[in-house]
Amino acid sequence: MNPSLYRLLVNNWWLVLLRGIAAILFGLLAFLWPGLTLVTLVLLFGTYALVDGALALIEAFRHTVPAPRWWLVLSGIVGLAAGLATFVYPGLTAVALLVVVAAWFVLRGAFEIIGAIQLRKEIEGEWLLILGGAVSVLLGIVMLVMPGAGALALIWMIATTAIVSGALLVGLSLRLHRHHDIGGTGVPHPA
């Protein structure tokens, strides 16, 4: 792992925090209004995917880094594409939405796991990102294997995953923040 990528993540811990907060807010909204129509769920998911994708791209391009950052770029592009598709085609059927959401969860989770593996020697707590990625991948697979679970079950699964994944991202961001330098002196913030 290139130390520049490590510094990039540490210096931009707040972007990881924003992604976590967005995920938690999306999950809470989905739980609070379980009777949402499928169109409303599509719009909520689309907004969440767009925000998550945009923040992933901001993380990738915030600074010029010689290390590979393709996993953030691809994750951001997939998130933006999933979000845009939901707005362009709001009449998606429940099955089509399920496939889009499941594929997005699998890809996003896989890229989080890849990122965590690259970080494993640079920072403690990379397991949070691995766990968040694994939760996303598992949910995506379950959604593809059992599509007949129903719209309400889909809402609950997505909401739960968003909240858990968001909480894990918030936890990771707090760990990254502890590694953030005070004024570039190389002294980490006190815990």
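Above this text you will find the structure in question.
Only a predicted model underlies this, so the values are computations on that prediction, with no experimental measurement involved.

Observations regarding empty space enclosed by the protein
- The tally for this structure, following the rule as stated, stands at two cavities of 30 Å³ or more.
- Approximately 120 Å³ is the volume found for the largest cavity.
- For the largest cavity, the lining is made up of 15 residues, of which Arg-19, Glu-59, Trp-71, Leu-72 and Leu-129 are closest to its centre.
- Those elements giving two or more residues to the lining of the largest cavity turn out to be helix H2 (13-32), helix H4 (70-88), helix H5 (94-119) and helix H7 (151-178).
- Looking at the lining of the largest cavity, the element that brings in the most residues is H5, giving four residues.
- Taken together, the residues of the lining of the largest cavity sort by class into 10 nonpolar, one polar and four charged.
- Each pocket or cavity is described by its volume, and for the second largest cavity that value is around 30 Å³.
- What lines the second largest cavity is simply Glu-112, Leu-128, Leu-129, Gly-132, Ser-165, Leu-168, Leu-169 and Leu-172.
- It is H7 that contributes the most residues to the lining of the second largest cavity, four residues altogether.
- Each residue belonging to the lining of the second largest cavity can be placed in one class, and the counts come to five nonpolar, two polar and one charged.

Reading the values: the criteria
Residues numbered from 1 in each chain as written. Predicted model: local features only at pLDDT ≥ 70, side-chain atom pairs only at ≥ 80, totals over all residues. Heavy atoms only, no water. 1 Å grid on protein atoms, 1.4 Å probe; cavity = no way out; pocket = protein on both sides within 12 Å on 5 of 7 lines; lining within 4 Å. Points joined across faces, edges and corners; volume = space filled by probe spheres on them. Helix = DSSP H or I, 4+ residues; strand = E, 2+ residues; numbered from the N terminus. Nonpolar A, V, L, I, M, F, W, Y, C, P; charged D, E, K, R; others polar.

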